[in-house]
Amino acid sequence: MKTKRVLLVEDEKNIRDAVAAYLEREGFWVTAAADGEAALHAFSLHNFDLIVLDLGLPKVRGEEVCSEVRKKSDVPIIMLTAKGEVEDRIAGLELGADDYLVKPFSPRELVARIKVLLRRSNTSDLPQRDILKYDDLELDVSGHRALLAGKDLDLTVSEFRLLLVLARYPGRVYSRMELVDKVLGYDFEGYERTVDSHVKNLRAKLGDDPKCPRYISTVHGVGYRFESQE
Ligand code: CA
């Protein structure tokens with residue numbers, strides 16, 4: 001298997017060095033950046049398989065790095081946050097991060113999360129081309145792409161997974177808990193709001209009005225459902 005390239009963005013030297021050493025021991029190729037500006041510079045020079053991004057950064061803030069990266073790429077992003085406030089993490093997820101870890105975290109936990117995200121973005125183990133079509137929405141399962149009226153929606157890994165899970169069985173109601181399990185693959189702090197954030201992003205990209213959604217309906221008190229277009 002190809003060595004996976006990780007961009008690690010963290011201004012605290014102790015954490016940066018410790019995490020970089022741990023990731024390298026796990027077989028990752030690590031590029032470390034100490035501030036947001038260095039991170040964006042590295043991002044412009046290389047292709048990364050994943051980005052670990054501290055939210056509180058000098059020069060260019062983590063949130064800004066995240067949205068800059070998202071303009072160009074759907075590379076998986078894990079945010080690191082020192083803040084205890086759920087709001088900050090939700091803000092990061094709304095900017096398109098796939099996951100977050102609250103400091104202090106164990107490097108082992110970080111590696112576990114990285115592997116989950118890389119597995120999800122790795123499509124080479126899917127045997128054949130598999131396309132789901134609903135009216136003008138087309139999901140290319142093996143290509144990990146969603147097209148609306150022929151236009152690529154540029155979904156992040158988590159958004160694509162979420163849409164795929166829902167769209168596989170139109171009309172079936174999924175609880176947030178089920179979606180966390182199927183989309184994120186492990187127990188997740190603040191999970192309900194995480195799913196809500198991803199749904200919000202998805203709806204924005206689909207041009208779905210939350211009050212009168214064409215594709216993803218809210219089932220109050222339960223979760224979400226994909227609307228069959230037949
Ligand atoms: Ca920091």
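Residues numbered from 1 in each chain as written. Predicted model: local features only at pLDDT ≥ 70, side-chain atom pairs only at ≥ 80, totals over all residues. Heavy atoms only, no water.

(A) Highlighting the packing of helix α6 (residues 157-168) against helix α7 (residues 176-184). Where α6 meets α7, the closest approach of the two axes is 9 Å, and the angle between their N-to-C directions is 120°. Between α6 and α7, the interaxial angle falls into the category oblique. The two elements α6 and α7 cross, and the hand of that crossing is right-handed. Along the contact surface, α6 presents Ser158, Arg161, Leu162, Val165 and Leu166, while α7 presents Leu179, Lys182, Val183 and Leu184. Class assignment of the residues belonging to the contact of α6 with α7 gives a composition of 6 nonpolar, 1 polar and 2 charged. (Axes fitted to C-alpha atoms, helices over the stretch in contact; angles between N-to-C directions. Helix = DSSP H or I, 4+ residues; strand = E, 2+ residues; numbered from the N terminus. Parallel < 35°, antiparallel > 145°, perpendicular 65-115°, else oblique. Left-handed = near helix turned anticlockwise from the far one by under 90°. Contact = heavy atoms within 4.5 Å. Nonpolar A, V, L, I, M, F, W, Y, C, P; charged D, E, K, R; others polar.)

(B) A look at the coordination of the calcium ion. Coordination of the calcium ion by the protein involves Asp11 (OD), Asp54 (OD) and Gly56 (O), with metal-donor separations of 2.2 to 2.3 Å. Here the donor residues of the calcium ion share one chain and are spaced in sequence as D-x42-D-x1-G. With a gap of 45 residues between them, aspartate 11 in the loop between β1 (5-9) and α1 (13-25) and glycine 56 in the loop between β3 (50-54) and α3 (62-72) connect regions that are remote in the sequence. Accessibility expressed as a relative area gives 30% for aspartate 11, which makes it partly exposed. Judged by relative accessible area, glycine 56 falls into the partly exposed class, the value being 42%. (Donors = N, O, S within 2.8 Å, 3.2 Å for Na, K, Ca; no water. Buried < 20%, exposed > 50% of the residue type's maximum accessible area, 1.4 Å probe, protein only.)

(C) The pairing of strand β7 (residues 137-140), seen in detail. Summarising the sheet, strand β6 (residues 131-134) and β7 pair through 4 bridges and their orientation is antiparallel. By the bridge assignment for β7, isoleucine 131 is matched with aspartate 140. The turn joining β6 and β7, which pair antiparallel and follow one another in sequence, is formed by 2 residues; a positive phi near 55° is taken by aspartate 135. Across 4 bridges, the pairing between β7 and strand β8 (residues 145-148) is antiparallel. Following the sheet pairing, aspartate 140 is matched in β8 by arginine 145. Connecting the antiparallel pair β7 and β8 is a turn made up of 4 residues, with histidine 144 showing a positive phi of about 50°. (Pairing = 2+ DSSP bridges.)

(D) Local environment of the pairing of β3. Counting buried residues in β3 gives 5 out of 5 residues, a clear majority hidden from the surface. On β3, burial covers both faces: Leu50, Val52 and Asp54 on one face and Ile51 and Leu53 on the other are all buried. Pairing of β1 with β3 involves 4 bridges; the strand directions are parallel. Directly across from leucine 8, in β3, lies its bridge partner valine 52. Sheet topology places β3 next to strand β4 (residues 77-81); 4 bridges connect them, and they run parallel. Paired with aspartate 54 across the two strands is leucine 80, which belongs to β4. Chirality of the crossover, the property in question, places the unit of β3, α3 and β4 among those that are right-handed. (Right-handed = clockwise from strand over helix to strand, strands pointing away.)

(E) Up close: the environment of leucine 164. Tracing the backbone through its elements, the reader meets leucine 164 in helix α6. According to the relative accessible area criterion, leucine 164 is buried, its value standing at 11%. Expressed as a C-alpha distance, the spacing of leucine 164 and valine 141, which sit 23 residues apart in the sequence, is 7.7 Å. Once you skip the residues sitting within four places of it in the chain, leucine 164 turns out to touch Leu132, Leu139 and Val141.

(F) Region of interest: the sheet that holds strand β11 (residues 216-219). With respect to topology, 3 strands assemble into an open sheet ordered β10-β12-β11, the strand pairing being antiparallel. One side of each edge strand has no neighbouring strand; the edge strands of this open sheet are β10 (173-175) and β11. On average, adjacent strands in this sheet sit at an angle of 30° to one another, irrespective of strand direction. Contacts from α6 reach β10, β11 and β12 (223-226) within the one sheet, and its direction differs from that of β12 by about 65°.

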